Amino acid sequence: GVLGSSWGAGVQATVLAAPYPANTSGSAAVCTHLYPPGVHKIEFERRYFLLLVPTGLPVDNPAPIVVDVPGYSESPYYQLKLTDIVRSLEVYRWIGVIPFGTAPLETSTCCPSDASAEECESGVTLDKQNACSFNAGGCCGAAASKNTHDVAFVRSIISWLEGNMCGDKGTVFATGFSNGGMMSNRLGCDAADLFTMVAPVAGNVRIGGDFPECSPTQPVGWISLCGTEDSACNRDFESTAKEWAGRNGCPDRDPTPTYNTPTTACYMYEECKARTEYCIITGLDHEWPGHNRPDGTSPEQPSSNVDATAFIFERFADAIRARHG
């Protein structure tokens, strides 16, 4: 379910909107926003991203930013539906961004060439013939083989959001699915100065190409989720968690359980310089926990599977609360 009437109208044209009305709560209005609530496709640095603007974005202080990176062959529209990120953005009143990946042949949609605009924006198609991808290092597709500068692109988007949408450059988060999960890991490794926390789903650190090692310049929060049947992440998931624990200065001891249901088991390393937590979902294949794929190909998930989107946003909010004491 999409919240807020403006979200249901499809992707809006990228015309400049009037600034928000002055804040009437008594505190000084310091923010103007170039785009109104809704989904906007932005052309930027010869690439594109979806800008997700919730209703009620504050005008008296900058808003946190969440970057949600699609998987291999996904369009941002597919990722939008898969994660239902709009619901959480509306609850928290944060700004969302979903970047478009790089394909072998140039594309401005990451949808199949024969898909109508309506089909594409409905988020039900994958383009496996001309697959969009992100350069996570050792994976994936055209983005990795072309050494596409995706970390630099995301940095530029964040600067744009700071200048045009009053985004808080000091409170930036990343998540993503599959290749997008790998990419959100890389953002934690290569842009720790920018990201407060990253939350990869079904994708681990993938060293390779122009990404020889994961060496964050400072601790960065890391929470990740993987299904036991998911070959994209299950082989080295717990070892990836242990490596992040090392990067985040956690004492060398076993993690403690944090969240448990009959099918979900989450564990957190204690006394770290940044939160380091992971969740294992029993029986889950290559899926976003608690959500069905928008193309109808997902097997039914038990209700005991954690809702990855809600869980991730709760952890992002915890990171903000921890910072403000």
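Each remark here, short or long, concerns the structure printed above.
Numbering of residues begins from 1 in every chain and follows the order in which that chain's sequence is written. Local features in a predicted model are, by the rule used here, given only for residues with pLDDT of at least 70; side-chain atom pairs are given and counted only at 80 or more, and totals for whole chains, interfaces and linings are based on all residues. Side-chain measures here rest on the full set of heavy atoms in the structure, leaving out hydrogens and waters.

Trainee: Sorry, what's going on with the pairing of strand 10 (residues 276–281) here?
Mentor: Every other side chain in a regular strand lies on the same face of the sheet, so the side chains alternate between the two faces. Among the 6 residues of strand 10, 6 are classified as buried, and the element is accordingly described as predominantly covered. Residue burial is assigned from relative accessible area. The probe radius is 1.4 Å, only protein chains are included, and a residue is buried under 20% of its type maximum, exposed over 50%, and partly exposed in between. Helix and strand definitions follow DSSP, with helices as H or I runs of at least four residues and strands as E runs of at least two, each counted in order from the N terminus. Neither face of strand 10 is exposed, since T276, Y278 and I280 on one face and E277, C279 and I281 on the opposite face are all buried. Whether two strands pair comes down to DSSP finding at least two bridges between them. One ladder, built from 6 bridges, connects strand 7 (residues 221–227) with strand 10; its direction is parallel. Bridge pairing links W222 to T276 in strand 10.

Trainee: I keep staring at the sheet that holds strand 2 (residues 47–53) and nothing clicks. Help me out?
Mentor: Within a sheet, each strand pairs with its neighbour through backbone hydrogen bonds, oriented either parallel or antiparallel. One open sheet accounts for 10 strands, arranged 1-2-4-3-5-6-7-10-9-8; its pairing is mixed. Each end of this open sheet is capped by a strand with a single partner; those strands are strand 1 (38–44) and strand 8 (256–260). Averaged over neighbouring strand pairs, the angle between their axes works out to 20° when direction is ignored. Across 4 bridges, strand 8 lies against strand 9 (residues 264–269) in antiparallel orientation. The partner of Y259 across the bridge, within strand 9, is C266. Relative to strand 2, helix 5 (residues 150–164) is tilted by about 45°, and along the sheet it contacts strand 1, strand 2, strand 3 (63–69), strand 4 (95–99), strand 5 (167–177) and strand 6 (195–201). In this analysis an axis means a line fitted to C-alpha atoms, helices contributing only their contacting stretch, and an angle means the value between N-to-C directions, from 0 to 180 degrees. The contact definition used throughout considers only heavy atoms, calling two residues in contact when any of these lie within 4.5 Å.

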